[in-house]
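# Chains, contacts and geometry: an overview
Take a look at the letters that make up each chain.
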Amino acid sequence: MKVAIVGGGPGGLYLGILLKKADPSHEVTIVERNAPGATFGWGVVFSDETLGYLEENDYDTYVEITNQFANWDAIEVRYRGEVIRSTGHGFSGIARRRLLQILQARSRKLGVQVEFDSEVNDLDRFANCDLIVASDGVNSKIRGWYEADFKPTIDTRRNKFVWFGTTHPFERFTFSFRETEHGLFWCHAYRFDPTASTFIVECDDETWRRAGLDRMTESESMAYCEHVFAEDLEGQPLLSNRSLWISFNVVKNERWYHDNIVLLGDAAHTAHFSIGSGTKLAMEDAIALTDALRRCPNVPTALAEYEEERQFFVERFQKAALESLTWFEHVGRYARFDPLQFAFSLLTRSRKISYENLKVRDPALIEGVDAWFDKRTVEPVGTGRRPRPPMFTPLELRGLRLPNRVVVSPMCMYSAVDGTPNEWHFVHLGSRAVGGAGLIIAEMTDVSPEARISPGCAGIYTPEHAEAWRGIVDFVHRRSEAKIALQLGHAGRKGATKLMWEGMDEPLEAGGWPLLSASPIPYLPHSQVPKAMDWADMDAVREDFVRAAGLALDAGFDMLEVHFAHGYLLSSFISPLTNLRTDQYGGPLHNRLRYPMEIFDAVRSVWPEDRPMSVRISATDWVPGGITGDDAVEIAHVLKVHGCDIVNVSAGQTTTDAQPVYGRMFQTPFSDQVRNEAGIPTITAGAITTHDEVNSILAAGRADLCALARPHLRDPYWTLHAAQMQEYYDLQWPVQYEAVQPAPREPLRFLTDPKKAAERIEAERRALRRRVWELERELEALRADGHAGNGASAPEVVVRTRTGGRTRL
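These numbers were taken from a predicted model, which means no experiment stands behind them.

## Re the sheet that holds strand 1 (residues 2-6)
By definition, the strands of a sheet pair up through backbone hydrogen bonds, in either a parallel or an antiparallel sense. An order of 8-2-1-9-18-17 is seen for the six strands of this open sheet, with the pairing classed as mixed. With one partner strand each, in any of the chains shown, strand 8 (113-115) and strand 17 (257-258) form the two edges of the open sheet. Pairing analysis gives two bridges linking strand 17 to strand 18 (residues 261-263), with the strands arranged antiparallel. By the bridge assignment, H258 is partnered in strand 18 with I261.

## Details of the pairing of strand 3 (residues 43-47)
With five of its five residues buried, strand 3 lies for the most part within the structure. Because side chains alternate across strand 3, one face comprises the buried residues G43, V45 and S47, and the other comprises V44 and F46, equally buried. One ladder, built from five bridges, connects strand 3 with strand 7 (residues 91-95); its direction is antiparallel. Looking at the pairing, G43 lines up with A95 of strand 7.

## Let's talk about the pattern of salt bridges
What the rule picks out here adds up to 44 salt bridges. Two residues, R85 and E76, come together in a salt bridge whose shortest N-O distance is 2.5 Å. Owing to a relative accessible area of 45%, R85 belongs among the partly exposed residues under this scheme. For R178, the salt bridge is made with E231, and the minimal N-O distance between the two is 3.4 Å. Residue R178 is located in strand 12 (residues 173-180), and its partner E231 is located in helix 9 (residues 230-233); the two are separated by 53 residues in the primary sequence. Classification of E231 by relative accessible area gives exposed; the value is 60%. Beyond isolated ion pairs, a larger network of salt bridges with shared partners links E76, R78, R85, E171, R172, R178, E231 and D232.

## Things to note about the sheet that holds strand 28 (residues 646-650)
Spatial ordering of the closed barrel is given by 21-22-23-26-27-28-29-30, a layout of eight strands whose pairing is parallel. Within the sheet, the average angular offset between the axes of one strand and its neighbour, ignoring direction, is 30°. Where strand 27 (residues 613-618) and strand 28 come together, five bridges link them in parallel fashion. In the sheet register, S614 faces strand 28, and the bridge partner there is I646. Running at roughly 150° to strand 23 (residues 483-489), helix 16 (residues 463-479) makes contact with strand 22 (439-446) and strand 23 of the sheet. Each of strand 27 and strand 28 is contacted by helix 22 (residues 629-641), which is oriented at about 165° to strand 27, the strand it contacts most.

## Some words on the confidence of the model for the chain
With 94% of its residues at a pLDDT of 70 or more, the chain shows a mean pLDDT of 92. This stretch, residues 747-752, has a pLDDT under 50; its non-local contacts, to residues over four places away or in other chains, come to one contact. Considering only residues more than four positions removed or in separate chains, one finds that residues 788-809, a stretch of pLDDT under 50, has 29 contacts.

## As for the packing of helix 1 (residues 10-22) against helix 4 (residues 96-110)
For the pair helix 1 and helix 4, the least separation of the axes is 9 Å and the interaxial angle reads 25°. For the element pair helix 1 / helix 4, the angle class is roughly parallel. At the point where helix 1 passes helix 4, the crossing takes the left-handed sense. Residues P10, L13, Y14, I17, K20 and K21 of helix 1 lie in contact with helix 4, whose contacting residues are R96, L99, L100, L103, Q104, R106, S107 and L110. Grouping the constituent residues of the contact of helix 1 with helix 4 by class yields eight nonpolar, two polar and four charged.

How each quantity is defined
Residues numbered from 1 in each chain as written. Predicted model: local features only at pLDDT ≥ 70, side-chain atom pairs only at ≥ 80, totals over all residues. Heavy atoms only, no water. Pairing = 2+ DSSP bridges. Helix = DSSP H or I, 4+ residues; strand = E, 2+ residues; numbered from the N terminus. Buried < 20%, exposed > 50% of the residue type's maximum accessible area, 1.4 Å probe, protein only. Salt bridge = Lys/Arg side-chain N within 4 Å of Asp/Glu carboxyl O. Axes fitted to C-alpha atoms, helices over the stretch in contact; angles between N-to-C directions. Contact = heavy atoms within 4.5 Å. pLDDT = per-residue confidence, 0-100. Parallel < 35°, antiparallel > 145°, perpendicular 65-115°, else oblique. Left-handed = near helix turned anticlockwise from the far one by under 90°. Nonpolar A, V, L, I, M, F, W, Y, C, P; charged D, E, K, R; others polar.

Here it is, written out as structure tokens:
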């Protein structure tokens, strides 16, 4: 096969090496625009995982690279005069120039043709090639020539950054945050050889302009950064290599190949430097492409397999990188954080590292986080006792004390009769209460018969409803430590529909009722067209909410939540997609909020002062032109002023045009934004499934309570089981279940530290692999000297491992 690789960076060179190794008959040519020694940037970082890939695919390259490595195990965060260190993060760095030299030498040895100082202005010269690889970087010419086929998207981000080098050898991967008169600057610094480090400086665009960096020369900019980070550099200078301030471009491509042309590395994708190396991804692309070509000699089939395999992995990596990038774009929202929480938030920003993960990597750090979090609660455990994991700390809202931070989400059961809850609701809510959760929020409970979603929805508009609810509330209070809240709502244009299992959102064929909304827009094309509310309707619905609040008080609920989300009545006023009014209740956001806030104020006025209220909002419509995260912050500001105690931050479900982005904890970023920009406590929900995720969210300051729905459907005793898995024994099981309540026990003692044992086993494996490689080289030398010709029998070498195993050559 004849292959042309355009771009002689690490990805292109490594692909050439692997293709020649796979089949020496391949004719591989690499065309590079720069000279052999030219490179931009300083060091390249590899994780232990990536090193494993390199070891498996070309051991010679792996050995050469690892012989040059600078290794570190710790991340250091410098913030507000404090230094927080976290160990257990295995990374290695190498000078980019040295990496290129190693790959170039290996390419030449294997017979790859490399042409330097050669610009490619079209692909005519490669017309007779079976495969053309576009490895020509983030500004790929080839991708541009075939833009209609690759369908790239390039998202230019808001922050500014610049790459420097420095002669100061940082001992750890270092993040340092420095406040200046112009704003906050921070660096990402890591050593790549014994005497030098990469030093990336980043800031937001406003700070960059205030500092005058948009008008400075390269040398002036470098001098400014030396001054800002003088304490970190310890007298050492910064080094420049075309070190110009730029914005990061997130590159994605819908297709990675066209005919026999395939994208590789930055031409196909980019990931923010704060989470990983583009070099790492490019070299992993090379491995995947080689494997695909080895499996499928047919080039189009191989390229299709390569695209399918790598796109899936890279999209996940880019998603994590985007989380990391976004954290740095909004670092100002964490300015009030204590340094320890700030460091924990930074470490867990991409969700690739979590609370439990850090507990394994660095137990001392998590012990410190637990102790810090616990001391800030209303009832610290005190000295001499093990601090509680964050999820088991109490929270106070007005006069209400929640025993822990786990919430059972409101989940519609569609099982009420004429609005009256029954034995199903009793068992459903009661079992979750004795299951250990700190707060139970009953399903959306409607304030009138016309406010229901379906005929099976619960209501609170008659004394009989309040009496039925009281039985449930009394059980929760008598038999558990949990508190219970009621969510008040009005379905609006999403009402008069079938039961969930008969057809979600499908209108009733008979027995429906008239619907109300902000504007006469049906939810589904075939749904009933709602009436646009007039003042009389607004007055009547307001009174319905007030009546419902009074009945909820009669029933004994500890807290009320008003439903502003998910496209229901009050949500239809807030979203510009569903509110087309031209009166004082339409137009800008403060007008669209007017009626929902009238409802909130009316309910707050009759709800006792010592009992808290929350509001559930949709922080985004997931539709261009709809509600955004910034709007959600403005909504939360208004709610805070009006006496809302905590905001339940949800997302979407306001229109069928929504394009939601799902994933683990997918709504938590909105909670983070609302909590830390509006300065109000939040509840987060949405694909939170593990105690690790709950602890990670709370410790990082992304929410104050975590609401789980489906996990509680699967396991009513989710919280008790989470305590058991964490060996936390202060959460009481029901006395009736005492026979299975876990008892405190001594922690399992290993003969040796499991982490150190694993590290020793891995070190022995690598040492064995290297010894095998050395013996192979000795055997090659013997053959070259005529001691073991091509037809001669090779001597058998047996390497015996410490565990008694044997490897034969």
